[in-house]
Amino acid sequence: MLPPGLLVSAPASGTGKTTVMLGLLRALSDDGLAVQPFKSGPDYIDPAFHLAAAGRPSFNLDTWAMDEGLLGAIASRGAGADICLAEGSMGLYDGVATQGATGFGASAETAARMGWPVILVIDAGGQAQSAAATAMGFAAYRPDLAIAGVILNRVASPRHERLIRLGMERTRLPVLGVLPRRGDLALPERHLGLIQAAEHPDLDAAIATYADFLRAHVDLGAIRAAARAGAEPAPGPLPKPPAQRIAIARDAAFSFTYPHLLEGWHDAGAEILPFSPLADEAPDPRADLVWLPGGYPELHAGRLAAATAFRDGLRAHAETRPVHGECGGYMALGESLTDKDGTTHRMAGLLGLSTSYEKRKFHLGYRRATLRAPMPGLAPGAALRGHEFHYSTILEMPDAPLADVTDADGNPVPETGSRRGHVTGTFFHLISAE
């Protein structure tokens, strides 16, 4: 059985649920609880904030991209915790139109699959009793999903609170907290959402402030009492490592890796050899594979272009052994990257890809790929599930396609990935193989 748990969600993005999540993680941890964080959906930024708040690695749970066995294997990472706390993505019921591995990718499915009640964070700005109608609608939309209660955010005054509570009395949903409007609690953002946790100028102090704010305005005892233990999916294996010794780029330009992949690689005995391209470090020459994760290479393109030791080491490795890049890592393997100011920077040149951020083009969504050629650890014909999220425009993509790629509804996607010699790359971030 899983420890008792809750999922923090909201009617929509931008309601303040991440601030609530981080404050709850730290406040409960400060009370002496071992709190296991999770993130519903394909997000690689929030888990790093969760780790900073709770002191335990956070893992993604994804009902579109993960089968029952993988969901169970990841959920089992909560063993030994006192309570599990998951953060939803977008709105509670937001998913795709076509069912994936076990669902449509909505946070409500994660909560139902794990047996966790939902805390609904409602932005009360610009409304009063109508906030209760929102809560009532969300509770009625899926009657089998338990709503533990609501946290009212951005409440303007005691009078505003009284009006909202009058409406909430009709819903019979507990009000677990009322957060006054406060403009200094927003986390800094950029085009992919929040800045990375490692880039925050004083993250620990910020999280401590959130925790104090939550402790002053939320009933932590009621929240702990609302947590429920669900039926844990039967665990299967975590993803196997694509090689025995894996040199992985890890710095501010390359940091987007799903924690369950690294956990699976570690559990299987793979040796992880981190290196920093921004520090002009070459990958370890003993490595069997070089892996460049996604991140923000467009913010560091000049430094990457000047990193000759990194580039030379990468090219030497690619002569005899595999190199793979995801999204930002894929762009760094290409010929060039043009930044938002229109300056073009030379990249590694191991693939013919040229990309630009001068004219941004939004790419977002789940991806299903069938490999045309081998990828590290995977044979031709393997079916993969992943997620794509970036703003780059493709100027050239002349190499042989790596895979046939579709979106969640089966529509072809032109970003097929590339292959040349021992080098492969994809715009999507791998989550699982079918």
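What counts, and at which threshold
Residues numbered from 1 in each chain as written. Predicted model: local features only at pLDDT ≥ 70, side-chain atom pairs only at ≥ 80, totals over all residues. Heavy atoms only, no water. Helix = DSSP H or I, 4+ residues; strand = E, 2+ residues; numbered from the N terminus. Pairing = 2+ DSSP bridges. Contact = heavy atoms within 4.5 Å. Axes fitted to C-alpha atoms, helices over the stretch in contact; angles between N-to-C directions. Core = buried A, V, L, I, M, F, W, Y, C linked by side-chain atoms within 4.5 Å. Buried < 20%, exposed > 50% of the residue type's maximum accessible area, 1.4 Å probe, protein only. Right-handed = clockwise from strand over helix to strand, strands pointing away. Phe/Tyr/Trp six-rings, centres within 6.5 Å; stacked < 30°, edge-to-face > 60°. Lys NZ or Arg CZ within 6 Å of the ring centre and 35° of its normal. Salt bridge = Lys/Arg side-chain N within 4 Å of Asp/Glu carboxyl O.

### Observations concerning unusual backbone geometry
Positioned with a positive phi, Arg 172 is a non-glycine residue whose angle comes to about 60°. Here Cys 327, not a glycine, exhibits a phi torsion of approximately 50°, which is positive. With respect to the helices and strands, the residue Cys 327 is situated in the loop between strand 15 (323–326) and helix 12 (328–333).

### Quick word on the sheet that holds strand 15
Read from one edge to the other, the open sheet built from 7 strands follows the order 12-10-13-15-25-24-22, with strand pairing classed as mixed. Each edge of the open sheet is held by one strand with a lone partner, namely strand 12 (271–275) and strand 22 (400–401). Where strand 10 (residues 245–249) meets strand 13 (residues 289–292), 3 bridges bridge the pair, whose relative direction is parallel. Bridging across to strand 13, Ile 248 finds its partner in Trp 291. The strands touched by helix 9 (residues 259–267) are strand 10, strand 12 and strand 13; relative to strand 10, the strand with the most contacts, the crossing angle is about 155°.

### Some remarks on the nonpolar core
If you look at the biggest cluster of nonpolar residues, it comprises 115 residues, and the most contacted ones within it are Leu 24, Leu 92, Leu 292 and Leu 314. Discounting chain neighbours no more than four positions away, the residues touching Leu 24 are Val 8, Leu 85, Leu 214, Val 218, Leu 220 and Ile 223. By size, the runner-up hydrophobic cluster in this structure holds 22 residues, among which are Leu 262, Ala 270, Leu 289 and Ala 403.

### Describing the pairing of strand 6 (residues 147–155)
In terms of burial, strand 6 is a largely internal element, 8 of the 9 residues being buried. The sheet contact formed by strand 5 (residues 118–123) and strand 6 spans 6 bridges and is parallel. Within the sheet, the bridge partner assigned to Val 121 lies in strand 6 and is Ile 151. A crossover connection joins strand 5 to the parallel strand 6 through helix 5 (residues 130–141); in handedness this β-α-β unit is right-handed. Strand direction decides the pairing type here: strand 6 and strand 7 (residues 175–180), joined by 4 bridges, are parallel. When the bridges of strand 7 are listed, Ile 151 appears paired with Gly 177. Handedness of the β-α-β unit built from strand 6, helix 6 (residues 158–171) and strand 7 comes out right-handed.

### So, the packing of aromatic side chains
Enumeration over the complete set of coordinates arrives at 13 aromatic pairs. Here Phe 362 and Tyr 391 contribute two aromatic rings whose centre-to-centre distance is 4.7 Å and whose plane-to-plane angle is 15°, an arrangement assigned as stacked. Of this pair, Phe 362 sits in the loop between strand 18 (354–356) and strand 19 (363–371) while Tyr 391 sits in the loop between strand 20 (383–390) and strand 21 (393–396), and the two are 29 residues apart along the sequence. Classification of Phe 362 by relative accessible area gives partly exposed; the value is 44%. Members of the aromatic cluster, connected to one another through ring pairs, are Tyr 44, Phe 256, Tyr 258 and Tyr 296. Here Arg 360 stacks its cationic end above the ring of Tyr 391, 4.3 Å away from the centre of that ring.

### Thoughts on the sheet that holds strand 16 (residues 336–338)
Read across the open sheet, the 4 strands follow the order 17-16-18-21; overall the sheet is mixed. Both outer strands of the open sheet, strand 17 (344–346) and strand 21, are each paired with one neighbouring strand and no more. Neighbour to neighbour, the strand axes of the sheet diverge by 25° on average, direction disregarded. The sheet contact formed by strand 18 and strand 21 spans 3 bridges and is antiparallel. Within the sheet, the bridge partner assigned to Ser 354 lies in strand 21 and is Glu 396.

### Points about the pattern of salt bridges
Considering all chains together, one arrives at 19 salt bridges under this definition. Note that Asp 288 is salt-bridged to Arg 245, the shortest N-O span being 3.1 Å. Of this pair, Asp 288 sits in the loop between strand 12 and strand 13 while Arg 245 sits in strand 10; the two residues are 43 residues apart in sequence, bridging distant segments of the chain. Overall, Arg 245 belongs to the partly exposed group, its relative accessible area being 28%. With its nearest N and O atoms 3.0 Å apart, the salt bridge here joins Asp 399 to Arg 420. Here Asp 399 is found in the loop between strand 21 and strand 22, whereas its partner Arg 420 is found in strand 24 (residues 418–420), with 21 residues between them in sequence. For Arg 420, a relative accessible area of 36% gives the class partly exposed.

### What about the environment of Pro 233?
Following the sequence through the fold, Pro 233 ends up in the loop between helix 8 (220–226) and strand 10. The spacing of Pro 233 and Pro 117 is 116 residues in sequence and 16 Å in space, taken between C-alpha atoms. Discounting chain neighbours no more than four positions away, the residues touching Pro 233 are Glu 68, Leu 71, Gly 72, Arg 113 and Met 114.

### Re the environment of Gly 294
Tracing the backbone shows Gly 294 in strand 14 (residues 294–295). C-alpha separation for the pair Gly 294 and Arg 367, spaced 73 residues apart in sequence, amounts to 15 Å.

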